[in-house]
Amino acid sequence: MEGGPKEDSQTKQIFVEDEKIAFLRWINKRLKNDRYLTKNYFKKFLPIQEEGDHFFEMLKDGILLSKLINDSVPGSVDERALNYPKTRPLNYFMMLENQNLVLNSCVAIGCRIMNIRPEDMVDGVKQAQLNVVWQVIRAGLMANINLTCNPGLKILLQEGETVARLMAKTPEDLLIRWVNFHLKRVCDHKQIKNFYRDIQDGEVYTYLLTAIAPQDTDLLPLRETDLEDRMDMLLEYARDLDVLNFVTPRDIIKGNIKLNTAFIAQIFNAFPSLEVEDQEDQLDDFDDMQYNDQTELFFEETREEKSFRHWLNSLNFTPYVSYLFEDLKDGYLLLQVFDVLKPGIVNKEEINVPPFKPLQHVYRSVENCNYCISLGAQLGFILVGIEGHNIYEGSKLLLSLLWQMMRHYTLSLMKYGESDQTLTENEVIAWCNKKLREDKTKKGRVTFKNFRDPTLTNSQAMLDLIDIIQPGSIGYDMVFPGKSDEDKLENARYCLTMARKIGATVFALPEDIVEGNHKMIALVFARLMNVGANL
């Protein structure tokens, strides 16, 4: 997808206001049944007023944003962990805690949060607030725009393209291809490369709606020479199809890329229209297309792979990682990460920078991947049986490398004074147990032998450690005994949410804790140590 349009200061201000209106209307609709937001006697959040700065004021304490995160990615935030106003408004510190939770939860679900601090959110920095809201809304809108949730997207596979390459497309790129697919069916001369300049005259929307819902729409809007009247007509068609209008006529005419992308995503989610009779031959040919033999045809990302992907994206490198086994195959992004793991370890002169010429692609990529293996060995990684060509070919062996990179990164957040030596897992265990043994504020603090200790699956030790790091933070009346799997899952949700609330960026999922995934459990404790040791 092409980069966005150039904007002058006046255009930016217009877009800020337009996005504010679009976002608050979306929130008003999506959260209208939340009893706390609509009926709370102390502070009524909804409906958010369009005039003035009411929208930005409602975002400051983090409660509305936390509920929006759960609307986009259900179960991401355990709302028991939130600070709620009772007899008086939340103080600054309590709002900061909520915003800590918001930003860490955003990162955990794959949002790209760059240079935004909890203080920015509480202080009402409008651009920061809008960026976070957009990232959260985008996460929900794009959640199903992939081959896992919509296998019919395979129809967009182009000749000579691998399934892995299609999986690596961003949702925005898939939407571009989807729009062009439908445009080709009804209009030979129209194709798009972006969601701003190429859609400003309304023709694309008119043809698209006609292609996906021919019985309910027509091409009458194209007869309108006045652009605003044309947009009004096509948006009325969209409303008749029960597609919430994320855009106004002005948003289309001005080419607001965020709002138009959101609108296209809404149309796709309502009417993907991927099973088309005249495309049967293309579907029959799909099984003959090339695809990596390590990649299942209908790929379902594992929890571990999702955690690795979200961690990589949290580092804010380019490109955005959509599919590990394709996006990392040229080794370039991995080399950037190695330079973060130990600054200066990567010799820039030894890096092959993509894009590569077709005849050099394999050779240059494998060279980069071999260099990654060499760097891993320098850092003490165990990489038996892993070679550069395994990474290039999309082997699952990549996961072993990623796990060790993620662990090294997490442990390297803590150093021995000014030494370059990083912590070991045993030292994390010793620090945590020391804290648990020494604390006398609560009886029955539970220690553990190692990260495979089965007692960790009820989250009690993690919850105790969080309460020690930030005294009084855990509401033990909300903690379950942890004897059943259901109790353990509830505790794990609460525990991970509380960890994020006190400032720990964790990528584990509740199921990882309950199932005793020692790798992810180790990283949670290491992150908690990083927070606790820096207080």
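As a reminder, the structure under discussion sits directly above these lines.
Along every chain, residues carry numbers that run from 1 in the direction the sequence is written. At least 70 in pLDDT is required for a residue's local features to be given in this predicted model, at least 80 for side-chain atom pairs to be given and counted, and no such filter applies to totals for whole chains, interfaces and linings, which use all residues. Note: side-chain values were computed over all heavy atoms of the structure, leaving out hydrogens and water.

Help me understand the overall build of the protein in this model?
By the criteria applied, helices consist of DSSP H or I runs no shorter than four residues and strands consist of E runs no shorter than two, each listed in order from the N terminus. Regarding its fold elements, the protein presents 25 helices and 0 strands. Taken over C-alpha atoms, the radius of gyration is set against a globule rule of 2.2 Å times the number of residues to the power 0.38. Here the C-alpha atoms of the protein give a radius of gyration of 25 Å, agreeing with the 24 Å that 2.2 N^0.38 yields for 535 residues. Over its C-alpha atoms, taken along the principal directions, the protein stretches across nearly 80 × 65 × 45 Å. The rule is simple: take the accessible area with a 1.4 Å probe, protein chains only, and divide by the maximum for that residue type; under 20% is buried, over 50% is exposed, in between is partly exposed. Put simply, the protein has 535 residues, and 55% of those count as buried. Contacts spanning at least 24 positions in sequence make up 60% of the contacts within the protein whose residues lie at least 6 apart. Methods summary: accessible areas were calculated by the Shrake-Rupley approach with a probe of 1.4 Å, and residue burial reflects only the protein chains presented. Of the roughly 24,900 Å² of accessible surface on the protein, a fraction of 48% belongs to carbon and sulfur atoms. In the protein, which carries 62 positive and 79 negative side-chain charges, the distance between the mean positions of the two groups comes to 8 Å. The contact criterion used throughout is that any non-hydrogen atoms of two residues lie within 4.5 Å. His is not counted here, nor are the chain ends, while Lys and Arg score as positive and Asp and Glu score as negative. Working definition for charges: the position is that of NZ of Lys, CZ of Arg, CG of Asp or CD of Glu.

Would you explain the side chain of histidine 310 in this entry?
Checked against the element boundaries, histidine 310 lands in helix 15 (residues 303-314). Setting aside chain neighbours within four positions, we find histidine 310 in contact with Val107, Ala108, Ile109, Gly110 and Phe507.

Whenever I open this one, the environment of tyrosine 392 confuses me. Can you help?
Counting through the fold element by element, tyrosine 392 comes out in helix 19 (residues 388-392). Given a relative accessible area of 15%, tyrosine 392 falls into the buried group. In this structure, tyrosine 392 is in contact with Lys329, His361, Val362, Ser365, Val366 and Cys369, ignoring residues within four places of it in sequence. In protein, a polar contact means a hydrogen-donor-capable atom and an acceptor-capable atom, both N or O and within 3.5 Å, with residues adjacent in sequence counting only if both atoms are side-chain atoms; elsewhere, any N or O pair within 3.5 Å suffices. Side chain to side chain, tyrosine 392 and histidine 361 meet in a polar contact 3.4 Å long.

Is there a simple way to explain helix 7 (residues 126-141) in this structure?
Residues lying three or four places apart along an α-helix face the same way, a consequence of the helix completing one turn every 3.6 residues. Expected helix span is given by 1.5 Å per residue-to-residue step, counting one fewer step than there are residues. Along its 16 residues, helix 7 runs 22 Å from first to last C-alpha, staying within 8% of the 22 Å computed at 1.5 Å per residue. When you tally the buried positions in helix 7, you get 12 out of 16 residues, the bulk of the element. Within the sequence span of helix 7, burial applies to Ala128, Gln129, Leu130, Val132, Val133, Trp134, Gln135, Val136, Ile137, Arg138, Ala139 and Leu141.

Quick question: what am I supposed to make of the nonpolar core here?
Most often, soluble globular proteins keep nonpolar side chains buried together rather than apart. The biggest cluster of nonpolar side chains holds 176 residues, and the ones touching the most others in it are Trp178 and Phe525. Among the elements that take part in this core, helix 25 (residues 518-533) stands out by supplying 10 residues, more than any other. Once residues lying within four places of it in the same chain are set aside, the contact partners of tryptophan 178 are Leu156, Leu208, Ile212, Ile264, Ile267, Phe268, Phe271, Pro272 and Leu274. Take the buried Ala, Val, Leu, Ile, Met, Phe, Trp, Tyr and Cys residues and link them wherever side-chain atoms come within 4.5 Å; each set so joined is a nonpolar core.

How do you make sense of unusual backbone geometry when you look at a structure like this?
A negative phi angle is the norm for most residues apart from glycine, just as the trans form is the norm for most peptide bonds. The linkage connecting threonine 318 with the following residue, proline 319, adopts the cis geometry, with an omega of 5°. Along the chain, proline 319 turns up in the loop between helix 15 and helix 16 (324-327). Backbone torsion omega between proline 354 and proline 355 reads 5°, so that peptide bond is classified as cis. Non-glycine residue asparagine 115 carries a positive phi angle of around 55°.

What is the right way to read the packing of helix 20 (residues 398-412) against helix 25 from this model?
For any two helices packed against each other, the geometry is given by the interaxial angle and the distance between the axes. Lines fitted to C-alpha atoms define the axes here, with helix axes fitted over just the stretch in contact, and angles between the N-to-C directions of these axes take values from 0 to 180 degrees. Between helix 20 and helix 25, whose axes approach to 9 Å, the crossing angle comes to 15°. With respect to helix 25, the axis of helix 20 lies roughly parallel. Our pair here, helix 20 against helix 25, has a crossing hand that is left-handed. Contacts between helix 20 and helix 25 involve Trp403, Met406, Arg407, Tyr409, Thr410 and Leu411 from the first element and Lys519, Met520, Leu523, Ala526 and Arg527 from the second. In these notes the angle categories are as follows: under 35 degrees is roughly parallel, over 145 is roughly antiparallel, 65 to 115 is roughly perpendicular, and the rest is oblique. A clockwise turn of the near helix away from the far one marks a right-handed crossing, whereas an anticlockwise turn of less than a right angle marks a left-handed crossing.

When you look at the packing of aromatic side chains in this model, what are you seeing that I'm missing?
Ring pairs (aromatic) are described by centroid distance and by the angle formed between their planes. Any two rings among Phe, Tyr and Trp, with Trp reduced to its six-membered ring, count as a pair given centres within 6.5 Å; such a pair is stacked if its planes are under 30 degrees apart, edge-to-face if over 60, and tilted if neither. Evaluation of the coordinates by the stated rule reveals 14 aromatic pairs. Between phenylalanine 23 and tryptophan 134, the aromatic rings sit 6.2 Å apart at their centres with planes inclined by 15°, giving stacked as the arrangement. One end of the pair, phenylalanine 23, is in helix 1 (residues 9-30); the other, tryptophan 134, is in helix 7, and 111 residues separate them in sequence. In terms of burial, phenylalanine 23 and tryptophan 134 fall into one category: buried. Ring centres 6.0 Å apart and planes at 40° place the aromatic pair tyrosine 36 and phenylalanine 45 in the tilted group. Of the residues examined, phenylalanine 45 reaches a relative accessible area of 0% and is grouped as buried. Three or more aromatic residues link up through ring pairs in this structure, and these residues are Phe23, Trp26, Trp134 and Phe246. To sit over a ring, a charge needs its Lys NZ or Arg CZ within 6 Å of the ring centre and within 35 degrees of the ring normal. The ring of tyrosine 392 is capped by lysine 329, whose NZ or CZ atom sits 4.5 Å from the centre of that ring.

Help me out: how do you make sense of a negative patch on the surface in this one?
Residues enter patches when they are more than 30% accessible in relative terms and free of salt bridges; like-charged ones are connected within 9 Å and nonpolar ones (Val, Leu, Ile, Met, Phe, Trp, Tyr) within 5 Å. Here, a salt bridge means any Lys or Arg side-chain nitrogen found within 4 Å of an Asp or Glu carboxyl oxygen. Taken together, the side chains of Asp226, Glu228, Asp229 and Asp232 present a region of like negative charge at the surface. The class of glutamate 228 is partly exposed, set by a relative accessible area of 46%.

Please explain helix 5 (residues 92-108) as it appears in this structure.
The end-to-end C-alpha distance of helix 5 is 24 Å, a good match for the 24 Å that 17 residues give at a rise of 1.5 Å each. At the N-terminal end of helix 5, a side-chain oxygen is found 3.2 Å from the backbone nitrogen of phenylalanine 93, two or three residues along, and the residue is asparagine 91. At the exit of helix 5 stands glycine 110, carrying a positive phi of roughly 100°.

It is not clear to me how the state of the cysteines should be interpreted in this structure. Could you clarify?
By definition, a disulfide links the sulfur atoms of two cysteine residues through a covalent bond. Two cysteine sulfur atoms form a disulfide, by the criterion used here, when they sit within 2.5 Å. For the structure shown, the criterion picks out 0 disulfides. Distance from the sulfur of cysteine 149, which forms no disulfide, to the nearest cysteine sulfur (cysteine 111) is 16 Å. Left without a disulfide partner, cysteine 432 is nearest to the cysteine sulfur of cysteine 495, which lies 11 Å away. Residue classification places cysteine 432 among the buried positions, given a relative accessible area of 0%.

How should the packing of helix 17 (residues 332-341) against helix 18 (residues 361-378) be read in this particular structure?
Orientation of helix 17 relative to helix 18, taken along the N-to-C sense of each, is 25°, at an axis distance of 9 Å. Here helix 17 lies roughly parallel to helix 18, going by the angle between them. Along this stretch, helix 17 crosses helix 18, giving a crossing that reads as left-handed. Contacts between helix 17 and helix 18 involve Tyr332, Leu334, Leu335 and Phe338 on the former and, on the latter, Asn368, Tyr371, Cys372, Leu375 and Gly376.

I'm lost on the pattern of salt bridges in this one. Help?
A side chain of one charge can pair with a side chain of the opposite charge if their charged atoms are brought near each other. Summed over the entire model, instances satisfying the criterion amount to 33 salt bridges. A salt bridge links lysine 67 to glutamate 79; the shortest N-O distance between them is 2.7 Å. Separated by 12 residues along the polypeptide, lysine 67 in helix 4 (residues 63-72) and glutamate 79 in the loop between helix 4 and helix 5 bring together distant segments of the chain. Note on lysine 67: relative accessible area 6%, which makes it buried. The network of salt bridges with shared partners includes Asp78, Arg80, Glu490 and Arg493.

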